[in-house]
Amino acid sequence: MVEERIWTAALVVIGDEILSGRTQDKNVAQIAQWLNVQGIRLAEVRIVADRQEAIVEAVNALRVRNDYLFTTGGIGPTHDDITVDAIAAALGVGVVHHPGAVAVLERYYATRGGATEARLRMARVPEGAELIENRMSGAPGIRVGNLFIMAGVPHITAGMLDALTGTLEGGRPVVSGTIGSWAPESEIADLLAAAERAHEGVAIGSYPFFREGRTGANFVIRSPDADQVERCMAELAVALAAAGYPTVAGGI
């Protein structure tokens, strides 16, 4: 049997404001969900400060062991937005003003005070880069091969992801199903492991909780094979019920 190719991506979240807790990141979840639909698994995430050496190290470490690498944050108009310079350094290329990006920004800001020098910083790209359309705020994202440099603002990131939809090579989309049970996770760990082993390509995530004075867990079954997900969910529900833990479809 030929093993199915698994496509992976990594994400570097860039920003002191994320690490300080001033801003809560929402991009990890939305990028992971978008990648699943493209048939690509988000394999790892790293959050780094606005320091060039930290960005360079993370980019070079993650891009060599994944099919795709995304970054979010640090591509605005201010002096501390250093992502483009750091990624250019990681790739060993220079930084240039992309003529297409300059044109986009000049059009966008024509009635908004003009394309100032600060605003044109957002047209700077690593040499050889392409643009990712941004219908939300004018300033485009950047693509350098399989590396995607995106905004940190979640709704702008969402627009850039929309522009990329269907353009990346991947496998089958990952589908999932959820069941829940008032089962202490420690008491059914072996049962979960056995269910995973019995269904090739299935991954089961266990998410415990404490409510109403009781412990329970929701179990998310994931696979590119929808039939495998359904079979695994059904068999796991039967096994949990036999162990004295009835399940709730869709989770608790």
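Further up the page is the structure itself.
Along each chain, numbering runs from 1 in the same order as the chain's sequence is written. Thresholds applied to this predicted model are a pLDDT of at least 70 for local features of residues and 80 or more for the giving and counting of side-chain atom pairs; totals over whole chains, interfaces and linings are not thresholded and use all residues. Each side-chain value is derived from all of the structure's non-hydrogen atoms; neither hydrogens nor water enter the calculation.

Observations regarding the pattern of salt bridges
(1) Moving on: Any Lys or Arg side-chain nitrogen found within 4 Å of a carboxyl oxygen on Asp or Glu counts as a salt bridge. For the structure shown, the criterion picks out 8 salt bridges.
(2) Moving on: Ionic contacts of the salt-bridge type, sharing partners, join the residues Glu 133, Arg 135 and Asp 162 into one network.

Digging into the packing of helix α8 (residues 189-198) against helix α9 (residues 226-242)
(1) Moving on: Each axis is a line fitted through C-alpha atoms, and for a helix only the stretch in contact is used; angles between axes span 0 to 180 degrees, taken between their N-to-C directions. A run of H or I in DSSP counts as a helix once it spans at least four residues, and a run of E counts as a strand once it spans at least two, with each numbered from the N terminus. It is the contact of α8 with α9, at a shortest axis distance of 10 Å, that shows an interaxial angle of 150 degrees. Looking at the two axes, α8 sits roughly antiparallel to α9. The handedness of the crossing between α8 and α9 is right-handed. Touching Leu 191, Leu 192 and Ala 195 of α8 are Cys 232, Leu 236, Ala 239 and Leu 240, all from α9.
(2) Moving on: When residue character is reported, Ala, Val, Leu, Ile, Met, Phe, Trp, Tyr, Cys and Pro are called nonpolar, Asp, Glu, Lys and Arg charged, and the others, Gly included, polar. Partitioning the contact of α8 with α9 into residue classes produces 7 nonpolar, no polar and no charged. Should an angle lie under 35 degrees it is considered roughly parallel, over 145 roughly antiparallel, and from 65 to 115 roughly perpendicular; all remaining angles are considered oblique. The crossing is said to be left-handed when, going from far helix to near helix, the turn is anticlockwise and less than a right angle, and right-handed when the turn is clockwise. Contacts were defined at the residue level, with two residues in contact if any of their heavy atoms lie within 4.5 Å.

Some words on the packing of aromatic side chains
(1) Moving on: Any two rings among Phe, Tyr and Trp, with Trp reduced to its six-membered ring, count as a pair given centres within 6.5 Å; such a pair is stacked if its planes are under 30 degrees apart, edge-to-face if over 60, and tilted if neither. The final tally for this structure, using the stated rule, is 6 aromatic pairs.
(2) Moving on: Centroid distance Trp 7 to Tyr 68: 6.3 Å. Interplanar angle 25 degrees. Geometry classified as stacked. In this pair, Trp 7 sits in strand β1 (residues 7-14) while Tyr 68 sits in strand β3 (residues 68-72), placing the two residues 61 residues apart along the sequence.
(3) Moving on: In this scheme, a residue with accessible area under 20% of its type's maximum is buried, one over 50% is exposed, and one in between is partly exposed, where area comes from a 1.4 Å probe on protein chains only. On the basis of relative accessibility, which here comes to 13%, the residue Trp 7 falls in the buried class.
(4) Moving on: Pairing Tyr 68 with Phe 148 gives two aromatic rings, centres 6.2 Å apart and planes at 50 degrees, and the pair type is tilted. Pair noted here: Tyr 68 is in strand β3 and Phe 148 is in strand β8 (residues 147-150), with a separation of 80 residues, a long-range link.
(5) Moving on: Feature note: the residues Trp 7, Trp 34, Tyr 68, Phe 70 and Phe 148 constitute an aromatic cluster, connected by ring pairs.
(6) Moving on: Placement of a charge over a ring requires the Lys NZ or Arg CZ to be within 6 Å of the ring centre, with the centre-to-atom vector within 35 degrees of the ring normal. Arg 112 extends its terminal NZ or CZ atom over the ring of Tyr 108, reaching a point 3.9 Å from the ring centre.
(7) Moving on: The lysine or arginine in question, Arg 214, covers the ring of Trp 182, its NZ or CZ lying 3.9 Å from the ring centre.

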